[in-house]
Amino acid sequence: MKQFLINGLQLTGFSAFEPVVRLCAGENRPEQVRKITQLLVMPAVAFLMFLGLWTIGAASVETRFGKIPNPRQVWVAGQSLFAAHRETVQQRAAFYVERDAKVRVHTAKAAEMRAAAAVPANAALKERLEKNAVKQDELASRTARRKFSGSPSYLDQILTSLKTVFTGFVLASLVAIPVGILCGLSPTFMACVNPFIQIFKPVSPLAWLPIVMIVVGAVYTTDPSEAWFEKSFISSALTVALCSLWPTLVNTALAVASIDKDYINVARVLRLGPVTRVFKIILPASLPLMFTGLRISLGVGWMVLIAAEMLAQNPGLGKFVWDMFQNGSSETLAQIMVAVFTIGIIGFLLDRVMIVCQKLVSFDSAVSA
């Protein structure tokens, strides 16, 4: 059990809690207490000091929105956001129950009218019943397409941001990994691609976003009522992809170029084809450094996303922060600070997820937090 917990903590990057497990197991208690003090108690004391300084400083700073909220007010603002989410969930559920009931009523009326029209009667009545049945079908279809029009809750906006960043991250990885492998295998290809990497890598998302929005607006002309994705979502996801693909591309190219030549020679001796060589030799040997690039890309994508959502007005944490800023009150300032902590915690958890994935698919035991 002890070793299982220790392995789990090391796998997820929470090895700071390992001394607690060892202390509970009765292993070298003085040493474990020293490590707990160093790794857990002192950071907790530093965090409490931070809260104390924040409380003191907040009371003395006056802004045009009022005083800076202290930690307690931020906590209360977070609770109110989650309470609003629960209320939105109830309203959404009630809306869909009512909508489905209306659909059933229209469908039942249409069936009744068709049944009445099937009974022998005069032609005019039969025609009128069939027309009314068609109208009831149209009403049922129109009602079934209605969606909840209420404002998305805070948790809805978090989910939207996560969906956007993962879409952009996947798009970036699908481009960066193959191009990085080609760059690592071919110095000529690397020489051709390198100028583009050097020029486009430092470009800010604020510069990419207007271009992306214009291109998406020109290319993606699907009727909004029939589109699978909103234009703002596509613009945000593409901006995230454009800004986050470079770390993965560069690290993949470096990893492939650094592969032990003995591995390549073995592949030649075994006469492995290009595709087999990539999947059997190159990818497994490149995974540690490649995952380092993926971790950086995901972190960059998460930071870029907030700016992209602000400008593209795509529902998400970025738009939430911008809307709260536009409202301009002490309460909304506290909600912005809730969003800041949420963004930071989610970024931290995303990094933990990438660490777990890296440890699961590679043999590199030196992966650290």
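The rules behind these values
Residues numbered from 1 in each chain as written. Predicted model: local features only at pLDDT ≥ 70, side-chain atom pairs only at ≥ 80, totals over all residues. Heavy atoms only, no water. Phe/Tyr/Trp six-rings, centres within 6.5 Å; stacked < 30°, edge-to-face > 60°. Helix = DSSP H or I, 4+ residues; strand = E, 2+ residues; numbered from the N terminus. Buried < 20%, exposed > 50% of the residue type's maximum accessible area, 1.4 Å probe, protein only. Lys NZ or Arg CZ within 6 Å of the ring centre and 35° of its normal. Axes fitted to C-alpha atoms, helices over the stretch in contact; angles between N-to-C directions. Parallel < 35°, antiparallel > 145°, perpendicular 65-115°, else oblique. Contact = heavy atoms within 4.5 Å. Patch = residues over 30% accessible without salt bridge, like charges linked within 9 Å, V, L, I, M, F, W, Y side chains within 5 Å. Areas by Shrake-Rupley, 256 points an atom, 1.4 Å probe, with all protein chains shown as cover. Salt bridge = Lys/Arg side-chain N within 4 Å of Asp/Glu carboxyl O. Disulfide = S-S within 2.5 Å. Expected span 1.5 Å × (residues − 1). Arc of directions from axis to C-beta. Core = buried A, V, L, I, M, F, W, Y, C linked by side-chain atoms within 4.5 Å. Left-handed = near helix turned anticlockwise from the far one by under 90°. Nonpolar A, V, L, I, M, F, W, Y, C, P; charged D, E, K, R; others polar. Bend = angle between axes of the 7 residues up to and from the residue.

Peer 1: Which residues make up the packing of aromatic side chains, and what values do they have?
Peer 2: Two aromatic rings are characterised by how far apart their centres lie and by the angle between their planes. Tallying each qualifying case throughout the model produces ten aromatic pairs. With 6.2 Å between their ring centres and 35° between their planes, F47 and F50 make a pair best called tilted. Linking F47 with F50, this pair stays in helix 3 (residues 29-59), spanning three residues, or about one helical turn. Residue classification places F47 among the partly exposed residues on the basis of a relative accessible area of 45%. Since its relative accessible area comes to 40%, F50 is described here as partly exposed. Ring centres of F200 and W208 lie 5.6 Å apart, and the angle between their planes is 50°; this geometry places the pair in the tilted category. Ring pairing ties together the aromatic residues F47, F50, W54 and F341, which thus form one cluster. Sitting over the ring of F233, K163 keeps its end group 5.3 Å from the ring centre.

Peer 1: How would you sum up the packing of helix 6 (residues 154-185) against helix 7 (residues 187-200)? Please name residues and give values.
Peer 2: With their axes 5 Å apart at the nearest point, helix 6 and helix 7 run at an angle of 125° to one another. Between helix 6 and helix 7, the interaxial angle falls into the category oblique. Here V179, L182, C183 and L185 of helix 6 come into contact with helix 7, specifically with P187, F189, M190 and V193.

Peer 1: I'd like a description of a nonpolar patch on the surface, backed by residues and values.
Peer 2: On the surface, F47, F50, F341, I345, F348 and L349 cluster together into a nonpolar patch covering about 570 Å² of accessible area. Of all the secondary-structure elements, those providing two or more residues to the nonpolar patch are helix 3 and helix 13 (330-361). With four residues, helix 13 is the single largest residue contributor to the nonpolar patch. Along the chain, F348 turns up in helix 13.

Peer 1: I'd like a rundown of the state of the cysteines, residues and numbers included.
Peer 2: On inspection of all chains with the given rule, the structure shows zero disulfides. Here C183 is not cross-linked by a disulfide; its sulfur's nearest cysteine counterpart is in C192, at 9.1 Å. With a relative accessible area of 4%, C183 lands in the buried category.

Peer 1: Please give an account of helix 8 (residues 205-219) that cites residues and values.
Peer 2: Spanning 15 residues, helix 8 covers 20 Å between terminal C-alpha atoms, matching the ideal 21 Å at 1.5 Å per step. Looking only at helix 8, the buried set comprises P205, W208, L209, V212 and V216. Seen from one end, helix 8 has its buried residues packed into an arc of 100°, which puts them on one side. Relative to its buried face, helix 8 has exposed residues pointing more than 90 degrees away, namely I214 and A218. In this structure, the buried side of helix 8 is in contact with helix 7, helix 9 (231-257) and helix 11 (274-312).

Peer 1: Before we move on, could you go through the pattern of salt bridges and cite the residues and values that matter?
Peer 2: If you walk through the whole model with that rule in mind, you get eleven salt bridges. Of the charged contacts in the structure, one is a salt bridge between D137 and R114, with a shortest N-O distance of 2.6 Å. Taken together, the residues D137 in helix 5 (residues 123-144) and R114 in helix 4 (residues 71-118) connect sequence positions 23 residues apart. D137 gets classed as partly exposed once you look at its relative accessible area, which sits at 30%. Taking the shortest distance from any N to any O, the salt bridge between R352 and D351 comes out at 3.3 Å. With relative accessibility at 9%, the residue R352 sits in the buried group. Residues joined in a network through salt bridges with shared partners are E18, R22 and E27.

Peer 1: Let's hear about the nonpolar core: which residues, and what values?
Peer 2: Counting 40 residues, the largest nonpolar core has Y154, W302, L317, F320, V338, I346 and M354 as the members making the most contacts within it. At twelve residues, the largest contribution of residues to this core is made by helix 11. Every residue in contact with V338, bar those within four places of it in the chain, is listed here: V74, A77, G78, L81 and Y154. If you look at the next biggest cluster of nonpolar residues, it comprises ten residues, including C183, L245, L249 and A253.

Peer 1: Residues and numbers for the packing of helix 4 against helix 5, please.
Peer 2: Relative to each other, helix 4 and helix 5 sit at 165°, their axes nearing to 8 Å. Classed by the angle they form, the pair helix 4 and helix 5 counts as roughly antiparallel. Crossing angle aside, the handedness with which helix 4 passes helix 5 is left-handed. Mapping the contact onto sequence places R99, K102, V103, H106, T107, K109, A110, M113, R114, A116 and A117 in helix 4 and K126, L129, E130, N132, A133, V134, Q136, D137, L139, A140, T143 and A144 in helix 5. Of the residues assigned to the contact of helix 4 with helix 5, the class counts are eleven nonpolar, five polar and seven charged.

Peer 1: Describe helix 7, listing the residues and the values that go with them.
Peer 2: An ideal rise of 1.5 Å per residue puts 20 Å on 14 residues; helix 7 measures up with 20 Å between its terminal C-alpha atoms. The sharpest bend along helix 7 reaches about 35° and sits at V193, with the proline P195 one to four residues further on.

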